[in-house]
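Spelled out, the chains give:
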Amino acid sequence: MTAEVSILLLRIGIVVLLFLFLAQALLLMRRDLKKVGARHLERGGRLRIMESGAANLSKGDSLPLLGVNSLGRNPNNTIPVVDDSVSGDHLLLSHDGGSWRVEDLGSTNGTYINGHRVEKNAVLAYGDIIQLGRTKLRLERPSLD
């Protein structure tokens, strides 16, 4: 075997090892992403539209929630609510690992939980009704489908 053939075989071996390394890294990342997704589902939630004053939301719709959700008329919110009685940046709905919290962002018409106005922030439980403008949303446990 000549030196040129030996170098060629060495190069091919290095490329194969590099591909094996990359494949292993991708498999590990995929496994970790599945774990994170499962944890998100376990602690997640949904918003069910109970009454809608918003042009883009219909009664009965169910919206999946992220760890932090912004709601308001501004289209850049994670959940835009096209309702002229809703402020551009109306409220934040977040999950802190143990509970859901709502924070009013200084909205003009206020945020209500079960009919009571939120002054700054409040802790939520599944089944609570959040009202912003003419839109009422119920916090629900995540569906398993």
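Scroll up to find the structure.
Bear in mind the structure is a predicted one, so any value in this text is a computation, not a measurement. Within every chain, residues take consecutive numbers counted from 1 along the sequence as written. Totals for whole chains, interfaces and linings use every residue, but because this is a predicted model, local features are given only for residues with pLDDT of at least 70 and side-chain atom pairs only at 80 or more, for both listing and counting. Side-chain figures throughout are based on the complete set of non-hydrogen atoms in the structure, without hydrogens or water.

Asker: How should the overall build of the protein chain be read in this particular structure?
Answerer: Counting its secondary structure elements, the protein chain contains 1 helix and 11 strands. Secondary structure follows DSSP: runs of H or I at least 4 residues long count as helices, runs of E at least 2 residues long count as strands, and numbering of each begins at the N terminus. Along the protein chain, helices (α) and strands (β) appear in the sequence α-β-β-β-β-β-β-β-β-β-β-β when read from the amino end. Scaling as 2.2 N^0.38, a compact globule of 145 residues should have a C-alpha radius of gyration of about 15 Å, whereas the protein chain reaches 24 Å, well beyond that. Seen through its principal axes, the protein chain has C-alpha atoms that stretch 85 × 30 × 25 Å. Only protein chains enter the accessibility calculation, which uses a 1.4 Å probe; a residue is then buried when its area is under 20% of its type maximum, exposed when over 50%, and partly exposed in between. Out of the 145 residues belonging to the protein chain, those deemed buried represent 30%. We take the radius of gyration over the C-alpha atoms and set the globule estimate at 2.2 Å times the residue count to the 0.38 power.

Asker: When you look at the environment of asparagine 56 in this model, what are you seeing that I'm missing?
Answerer: Relative to the elements of secondary structure, asparagine 56 occurs in the loop between β1 (46–51) and β2 (62–64). Sequence spacing of asparagine 56 and aspartate 83 is 27 residues, and the spatial spacing of their C-alpha atoms is 8.5 Å. Here a residue-residue contact requires only that any non-hydrogen atoms of the pair lie within 4.5 Å. Residues within four places of asparagine 56 in sequence aside, it is in contact with Pro80, Val81 and Val82. A polar contact of 2.8 Å, which involves the side chain of asparagine 56, links it to the backbone oxygen of proline 80. We define a polar contact as two N or O atoms separated by no more than 3.5 Å, with the added condition that, inside protein, one atom must be a possible hydrogen donor and the other a possible acceptor, whereas residues neighbouring each other in sequence contribute only through side-chain atom pairs.

Asker: Any chance you could explain the sheet that holds strand β6 (residues 100–104) here in plain terms?
Answerer: Either a parallel or an antiparallel arrangement is found when strands of a sheet pair, and the pairing is made through backbone hydrogen bonds. Think of it this way: DSSP has to see at least two bridges between two strands before they count as a pair. On the basis of which strands lie adjacent, the open sheet formed by 5 strands has the order β4-β3-β5-β6-β9 and mixed pairing. Two strands lie at the open edges of the sheet, namely β4 (79–80) and β9 (121–124), each paired on one side alone. Pairing analysis gives 4 bridges linking strand β3 (residues 68–72) to strand β5 (residues 91–95), with the strands arranged antiparallel. Its bridge partner lying in β5, serine 70 is registered against leucine 92.

Asker: Explain the pairing of β3 here, please?
Answerer: A regular strand places its side chains on the two faces of the sheet in alternate fashion. Of all 5 residues making up β3, 4 are buried, and the element is well covered by its neighbours. In this sheet, β4 lies alongside β3 in parallel orientation, the contact comprising 2 bridges. Opposite glycine 72, over in β4, you have proline 80 as the bridge partner.

Asker: In this structure, what is going on with the nonpolar core? I would like to understand it.
Answerer: As a rule of thumb, nonpolar side chains are buried together in soluble globular proteins. For the purposes of this section, nonpolar cores are sets of buried Ala, Val, Leu, Ile, Met, Phe, Trp, Tyr and Cys residues that join through side-chain atoms within 4.5 Å. Counting 21 residues, the largest nonpolar core has Leu47, Leu71, Val81, Leu93, Leu124, Ile130 and Leu132 as its most contacted members. Breaking this core down by element, the ones donating at least two residues are β1, β5, β6, β10 (129–132) and β11 (135–140).

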